[in-house]
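Understanding the architecture of this molecule
Take a look at the letters that make up each chain.
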Amino acid sequence: MCYKIDSSFTLIHYLKNKNSCTIRDIVELKNRIENELKSVYVDVSKDSILQTISQYPEIFYWEENQIKKQKSAEKYFNNNVIDFFKSEQNSKIEDELIKFF
Amino acid sequence: MSIEEKIFRDPIYGYISIPETYCKDFIDTAIFQRLRRIEQTSMRVLYPSAHHDRFAHSIGVFYLGKLAFSYLEKNSKSLFQDAISDAEWQQYKNTFEIACLMHDCGHSPFSHTFEHYYLFQREPEIEHRLSCFFEKYTNFINEYRLYAPAPHEKISGLLLLEEYFGKIESNHASPQLAARMIMGVKYDGVLNFKQKFENKLISLLNGAGIDVDSLDYIQRDSWISGVGNVNIDYQRLLSSIMIKLDDNENCQIVFKKKVLSVIDNISIGRNFLYKWIYSHHKVIYEQLLLENIIEKINSNSDFCKKVFSIDSFTNSKEFQGHFYLLPTDDDIIHTIKQYIHEDEKITELLSRNYKYKALWKTYFEFNESYFRDVSDINRMKIFNHIQNGALSEEFGSNNILSIKATPKLKNINENDFFIEIDNKLIDASKATSIPSKNLSYFIVYVSEELRPYKDQIIKKMLSLQS
């Protein structure tokens, strides 16, 4: 089995308690996750990250090589909403994934 | 000395001349010929004639790259007389052309749908194999992590270095720079002039704004499908391309103001394809079907690990008595057929007699007809409730399916490239049409028997918002 984790899931969970991060931070997180969870592939390619940012402009923006959280975006980090970013596949291993964030 | 060339007939550009040495060293190799059996897009479900492959696309990108570079050299050479010698211009030209030709050589069967399998549990190994080709004390690995290439770009870059290194050098080109161009890995930090210049060549193949890769697929996908998309005057565009220094001594890709309308058309044409075709409800449904089928095969075996392996480009990989070398779309379909009695989704895929049909087909319908008064937050909550089975009790657990639709709409970013007006460089991002705000949405599919209950289902869905 190979569970693909989209960058939208990674970004929304990573920025839950932070205001910004770099691609390097996300790549390091990816390496930690994949090292421990052998059935997981975390997609953090620049294309997919930029796609997530352009797709959810109310939540994220890109500035000075950092991915930042919009000031008015806190409502999207609510537990009832954040599930929108999980896929049918990664919901099966959600509990194991969440501990990395 | 004249260069011997071979001529390829292309439906978009007419005759394309390619040096014989490139044919011998790159095109007439099994890795490149494999691209004839990797379909370019998943749009064939919509357009019966849209049958085109990454081979034709690669030849097209080579043609545009060759044209772009010849104009770039013509328009910019005099500006950099002291900084770039004739021999260096020639090396840049060869490197750029080879990178354009080979930029997709590592694409996976079914392209983006399965490309992640190549990297599954192998990222450290691929990073190590790549780093062997770059000098010990360069910043390459840091830059590689910073620019985080897509899976197919990593595989294409590595294949180029491992399988074609000597051939690239014998064509007076730089393998390392060609790999950077394919992967979009720019130099970072304090840069000298050459690195700044090379960064612009990298973005001309693999950039966020206008690059020869997207310039080809926008035209080719539109033409092959017969869809009425915009007409892009690529000759007018490329004839005005140059690299110039801005006020801060940084190199910038610059176009003359006469191509403003072409730049706008590229933006419109690209977003048209993403909005109406690549995110079409049938396309995303079929992709999900294919993913589910392969994951089911993979769940009890090591199919993906064996077949989607960079080593399968050079050595046969055995899986359940079948041998896979240079895997293509056909190999995946062949494998799927072996499991036809174990998964009813396979019959559904092969017959295209889909079990589920979309309740709405476009963002416009979703947004204006049904969800107009529903906030973003509530749309997300409704999607979550559906995923958690909120409609199952009333309509049955196997009768409803919801999929997020994610069109990759984008505008030209600030600082991607510039327009020259009265000797001043103006940021081109101001010149293009701005795509509609967030087009993320989801599509709900229902089984045939639920189709007559569309109104009740939508009413129930809307009642799920808190």
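Residues numbered from 1 in each chain as written. Chains lettered and ligands numbered in written order. Predicted model: local features only at pLDDT ≥ 70, side-chain atom pairs only at ≥ 80, totals over all residues. Heavy atoms only, no water.

On to the overall build of chain A, then. For chain A, the count of helices and strands is 5 helices and 5 strands. Along chain A, from the amino end to the carboxyl end, the secondary structure elements read β-α-β-α-β-α-β-β-α-α. In summary, chain A has a C-alpha radius of gyration of 13 Å against a globular reference of 13 Å for 101 residues, a match within 12%. Here chain A holds 101 residues, and 53% of them are scored as buried. (Helix = DSSP H or I, 4+ residues; strand = E, 2+ residues; numbered from the N terminus. Rg over C-alpha atoms; globule rule 2.2 N^0.38 Å. Buried < 20%, exposed > 50% of the residue type's maximum accessible area, 1.4 Å probe, protein only.)

How large an interface is tends to be reported as the accessible area lost when its parts come together. Contact with chain A, which involves 33 residues of that partner, is made by 31 residues of chain B. Between chain A and chain B, a total of about 3200 Å² is buried, with carbon and sulfur atoms accounting for 55% of that surface. Here chain A is connected to chain B by 9 residue pairs in polar contact (both at pLDDT 80 or more). Counting residues per element, the ones that place at least two in the side of chain A that touches chain B are α2 (23-36), β3 (40-42), α3 (46-55) and α4 (79-82) of chain A. (Contact = heavy atoms within 4.5 Å. Buried area = accessible area lost by both parts, 1.4 Å probe. Polar contact = N/O pair within 3.5 Å; in protein donor to acceptor, adjacent residues only side chain to side chain.)

The next point concerns the packing of aromatic side chains. To describe a pair of aromatic rings, you give the distance between the ring centres and the angle between the ring planes. Overall, the coordinates contain 46 aromatic pairs over all chains when judged by the stated rule. Their ring planes at 80° and their centres at 5.6 Å tell us that Phe371 of chain B and Phe442 of chain B sit as a pair that is edge-to-face. Placement of Phe371 of chain B in the loop between α17 (363-370) and α18 (376-387) and of Phe442 of chain B in strand β11 (residues 441-447) is noted, with a sequence separation of 71 residues between them. When sorted by exposure, Phe371 of chain B lands in the same class as Phe442 of chain B, which is buried. Put simply, the rings of Tyr56, Phe84 and Phe85 of chain A together with Trp360, Tyr363, Phe366, Tyr370, Phe371, Phe383, Tyr441 and Phe442 of chain B pair up and form one aromatic cluster. Cation over ring: Lys69 of chain A sits above Phe77 of chain A, and NZ or CZ is 4.4 Å from the ring centre. It is Lys404 of chain B that lies over the ring of Phe84 of chain A; its NZ or CZ is 4.9 Å from the centre. (Phe/Tyr/Trp six-rings, centres within 6.5 Å; stacked < 30°, edge-to-face > 60°. Lys NZ or Arg CZ within 6 Å of the ring centre and 35° of its normal.)

Residue and element names in this part refer to chain B. Summarising burial for β11: 7 of the 7 residues are buried, a large majority. Side chains Tyr441, Ile443, Tyr445 and Ser447 project from β11 onto one buried face, and the interleaved Phe442, Val444 and Val446 project onto a second face that is buried too. Strand direction decides the pairing type here: strand β7 (residues 356-358) and β11, joined by 3 bridges, are antiparallel. Looking at the pairing, Ala358 lines up with Tyr445 of β11. Note: strand β8 (residues 400-405) against β11, 6 bridges, orientation antiparallel. Bridged to Lys404 within β11 is Phe442. (Pairing = 2+ DSSP bridges.)

Okay, the pattern of salt bridges next. Residues and elements named next belong to chain B. Scanning the entire structure with this criterion turns up 30 salt bridges over all chains. Between Glu97 and Lys93 there is a salt bridge, and its shortest N-O distance comes to 3.0 Å. In this pair, Glu97 and Lys93 both sit in helix α4 (residues 86-102), 4 residues apart, roughly one turn of the helix. We classify Glu97 as buried; its relative accessible area is 1%. Assessed through its relative accessible area of 23%, Lys93 is described here as partly exposed. Each member of the salt-bridge network shares a partner with another, and the members are Arg122, Glu125, Arg129, Glu162 and Asp311. (Salt bridge = Lys/Arg side-chain N within 4 Å of Asp/Glu carboxyl O.)

Residue and element names in this part refer to chain A. Pairing within the open sheet is antiparallel, and its 3 strands lie in the order β2-β5-β4. Edge strands, defined here as strands with exactly one partner in the open sheet, are β2 (20-21) and β4 (60-63). Two elements, β2 and strand β5 (residues 66-69), share 2 bridges in a ladder whose sense is antiparallel. The residue of β5 that forms the bridge with Cys21 is Ile67.

Among the secondary structure elements, Asn384 of chain B is positioned in helix α18. On the basis of relative accessibility, which here comes to 6%, the residue Asn384 of chain B falls in the buried class.

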